[in-house]
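In case you want the letters, here they are:
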Protein chains: 2
Amino acid sequence: MMSVTTKATIASFGGKLLKLSHVASTTRCEMSFNLYLPPQSQSQKVPVLIYLSGLTCTAENCSEKGFFQHGASKKGIAVLYPDTSPRGLNIEGENDAYDFGTGAGFYVDATKAPYDAGYNMYSYVTEELPQTVFAAFPQLDASRVSITGHSMGGHGALTLFLRNPGKYKSVSAFAPITNPTNCPWGQKAFKGYFGDDQQAKWKEHDATELLKKWNGGPLDILIDVGTGDNFYKQGQLLPENFEAAARDVGVQGLRVRYQPDYDHSYYTMASFADDHVEHAAKYLFA
Amino acid sequence: MMSVTTKATIASFGGKLLKLSHVASTTRCEMSFNLYLPPQSQSQKVPVLIYLSGLTCTAENCSEKGFFQHGASKKGIAVLYPDTSPRGLNIEGENDAYDFGTGAGFYVDATKAPYDAGYNMYSYVTEELPQTVFAAFPQLDASRVSITGHSMGGHGALTLFLRNPGKYKSVSAFAPITNPTNCPWGQKAFKGYFGDDQQAKWKEHDATELLKKWNGGPLDILIDVGTGDNFYKQGQLLPENFEAAARDVGVQGLRVRYQPDYDHSYYTMASFADDHVEHAAKYLFA
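Residues numbered from 1 in each chain as written. Chains lettered and ligands numbered in written order. Predicted model: local features only at pLDDT ≥ 70, side-chain atom pairs only at ≥ 80, totals over all residues. Heavy atoms only, no water.

Now for the packing of helix H2 (residues 68–75) of chain B against helix H10 (residues 266–284) of chain B. Residue and element names in this part refer to chain B. As a packed pair, H2 and H10 sit with axes 7 Å apart at the nearest point and diverge in direction by 30°. Here H2 is positioned roughly parallel relative to H10, judged by the angle of their axes. Pair H2 / H10 crosses with right-handed handedness. Contacts between H2 and H10 involve Phe-68, His-70, Gly-71, Ala-72 and Lys-75 from the first element and Met-269, Ala-273, Asp-274, His-276, Val-277, Glu-278 and Ala-281 from the second. Here the contact of H2 with H10 is built from residues that sort into six nonpolar, three polar and three charged. (Axes fitted to C-alpha atoms, helices over the stretch in contact; angles between N-to-C directions. Helix = DSSP H or I, 4+ residues; strand = E, 2+ residues; numbered from the N terminus. Parallel < 35°, antiparallel > 145°, perpendicular 65-115°, else oblique. Left-handed = near helix turned anticlockwise from the far one by under 90°. Contact = heavy atoms within 4.5 Å. Nonpolar A, V, L, I, M, F, W, Y, C, P; charged D, E, K, R; others polar.)

Encoded structure:
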């Protein structure tokens, strides 16, 4: 039930990047994922940083181009790269667009048919995948987990963190969709996964709305957004709304860094990955 | 004649990665290449590290996955990523195999028809491209250039360095084809570009043969080869032959590091890119 298949083992920065898969009950299909084990994991338990990817991505993109392994190897942190949706469920329409369905699970549990039949990336990422991974890799410390992500995955990181106080030691994000109820990507996804009439449900997965209700104690959130990011310019990310919510409710500790000229690509993640690993390490080794 | 077209400017590690092209006379076609300008280039002249790519690659692969920008940004070194062959010449057979023709120029000037009509990557990389780049980017210091590369590009780096004493300040390589006259990849390429009967020509582009004749002074060559590299196991790289030649002629300063379990992929370059930038920096800033 918890069995994991190893498809490849690749040496990387002194550790191993494992390409893995398992049959997931939440998403009703075989799910691929990657796990980076730093060299320190050979002799001690290591904490875990979950990296959630953006639209169209798989576990591969950031493993190859994000350079999290560089910092994770130095600090002694495992990195878990989940996929972005179920695949091959043969649900009508799931392959029609890059921003909905396959590759676009949005880290929610769909309640609307036909996507409620497997599009459960919230339960998958918060419960089934970590349970599977911790059972299979005893060198990982289940009590020390942080989370980060990019774009749709930044939305995932922020909402999973804010919905589950105490579950993750820290959160950070690159170019996150911070207010999905107010941007085209989020509205399309939430309409399709929850339905038009489920506004309360929508807000439960909107980082800006969640921040307004936060009562989980001090926050220290690191966000990088490039000023050359076309999706930022098009109003898909709306970090200003997230910052305004923080100000309105008096939340301290939100750092949004507007990085001059950086775009929405993995070049941006690579450039600042070390900072985000450092941010996680501060809490994983506190 | 020396004009360069900028197709994209991407922020990376505090500097800019430029995606460029120009019409090259040596290769008789438009050639794409990438140039990373570190942040230091805004205020001072910076040296250049040329990275030569392997079979099937373009200038993009290493720019995205090789992690050279990380170290180059810290040291203040520009990185020049040429393409691996002419493209679109419509020479019969040039697209028939991954290891000959398109994407497989082998950093030689072909003497055999029909490939002598444009497959001149030796002249392109040693002369036309740097002349073009130094004319277009005065912030680059033409007197300080180092060279490195991967696989076929490691062969390129070693042979260009050994054929041109003094031209490059240093050389290093990842999984280089060090003895092409004795491996299937090299034999196929040299047969196609030079002809079967041109053994003297073959040896002029074989790093192991060139090392036997080296009289350019002390050498300090850094080579990384992964022991999990399938092409190493298949005898395409033959670093032991290169080491034996160094011993035979009493050349000091060759360091071949056999990296346990590492494979032929960019994960290996990423893991050791900092070391190769450091190696170049030692000579570029001497």
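Next up on the list: helix H9 (residues 239–248) of chain A. Residues and elements named next belong to chain A. Those residues of H9 lying buried are Pro-239, Phe-242, Ala-245 and Ala-246. Seen end-on, H9 carries its buried residues on one side only, within an arc spanning 120°. Of the exposed residues in H9, the ones pointing more than 90 degrees away from its buried face are Arg-247 and Asp-248. Buried residues along H9 sit in contact with helix H4 (152–163), helix H7 (207–212), strand E8 (221–226), helix H8 (230–233) and strand E9 (254–259). With its phi angle positive at about 75°, Gly-250 sits one or two positions after the end of H9. (Buried < 20%, exposed > 50% of the residue type's maximum accessible area, 1.4 Å probe, protein only. Arc of directions from axis to C-beta.)

What follows deals with the pattern of salt bridges. Under the counting rule described, the total for this entry stands at 31 salt bridges over all chains. In this structure, the salt-bridge partner of Asp99(B) is Lys188(B), at a minimum N-O distance of 2.7 Å. Linking Asp99(B) in the loop between strand E5 (78–82) and helix H3 (121–136) with Lys188(B) in helix H5 (residues 184–194), this pair joins segments that are 89 residues apart in sequence. Among the ionic pairs, Arg255(B) bridges to Asp220(B), the shortest N-O distance being 3.4 Å. With Arg255(B) in strand E9 (residues 254–259) and Asp220(B) in the loop between helix H7 (207–212) and strand E8 (221–226), this pair connects stretches of sequence that are 35 residues apart. Put simply, Asp220(A), Arg255(A) and Lys282(A) are held in one network by salt bridges that share partners. (Salt bridge = Lys/Arg side-chain N within 4 Å of Asp/Glu carboxyl O.)

On to the pairing of E8(B), then. Residues and elements named next belong to chain B. Summarising burial for E8: six of the six residues are buried, a large majority. The side-chain alternation of E8 yields two buried faces, one formed by Ile-221, Ile-223 and Val-225 and the other by Leu-222, Asp-224 and Gly-226. Pairing analysis gives six bridges linking E8 to E9, with the strands arranged parallel. Bridging across to E9, Ile-221 finds its partner in Leu-254. (Pairing = 2+ DSSP bridges.)

With that settled, consider the relation of the copies chain A and chain B. Superposing chain A onto chain B takes a rotation of 180° combined with a translation of 0.0 Å along the rotation axis, leaving an RMSD of 0.0 Å. Considering both components of the superposition, the chain copies are consistent with a two-fold axis. In terms of proximity to the rotation axis, the leading residue of chain A is Lys65(A), whose C-alpha is 2.6 Å off the axis. By residue overlap, the copies meet face to face through one surface: 100% of the interface positions of chain A are interface positions in chain B. (Least-squares fit on C-alpha atoms with pLDDT ≥ 70 in both.)

What follows covers H10(B). One full turn of an α-helix is made of 3.6 residues, so residues set three or four places apart face in the same direction. All names here are of chain B. Its axis deflected by about 55° at Phe-272, H10 carries its strongest bend there. Within H10, 14 of the 19 residues are buried, leaving the element largely enclosed by the surrounding structure. Its side-chain oxygen 3.1 Å from the backbone nitrogen of Tyr-267, Ser-265 forms the N-cap of H10. (Bend = angle between axes of the 7 residues up to and from the residue. Polar contact = N/O pair within 3.5 Å; in protein donor to acceptor, adjacent residues only side chain to side chain.)

Let us look at unusual backbone geometry. Along the chain, Ala113(A) connects to Pro114(A) via a cis peptide bond; the corresponding omega equals 0°. Position of Pro114(A) among the secondary structure elements: in the loop between strand E5 (78–82) and helix H3 (121–136). Of note in the backbone geometry, Phe106(A) takes a positive phi value of approximately 60° without being a glycine. Backbone geometry at Leu238(B) places phi at a positive 55°, although glycine is not the residue there. Its location among the elements puts Leu238(B) in the loop between helix H8 (230–233) and helix H9 (239–249). Taking the relative accessible area as the measure of exposure, Leu238(B) reaches 17% and is therefore buried.

This brings us to the side chain of Asp263(A). In this fold, Asp263(A) is placed in the loop between E9 and helix H10 (266–284). Lys19(B) is the oppositely charged side chain nearest to the buried, salt-bridge-free Asp263(A), at an N-O distance of 8.1 Å. For Asp263(A), the side chain forms a polar contact with the side chain of Ser265(A), separated by 2.6 Å. Sequence-distant contacts of Asp263(A), that is, excluding residues within four places in its chain, are made with Gly228(A), Asp229(A), Thr268(A) and Ile10(B). (Lys, Arg positive; Asp, Glu negative; His and termini not counted.)

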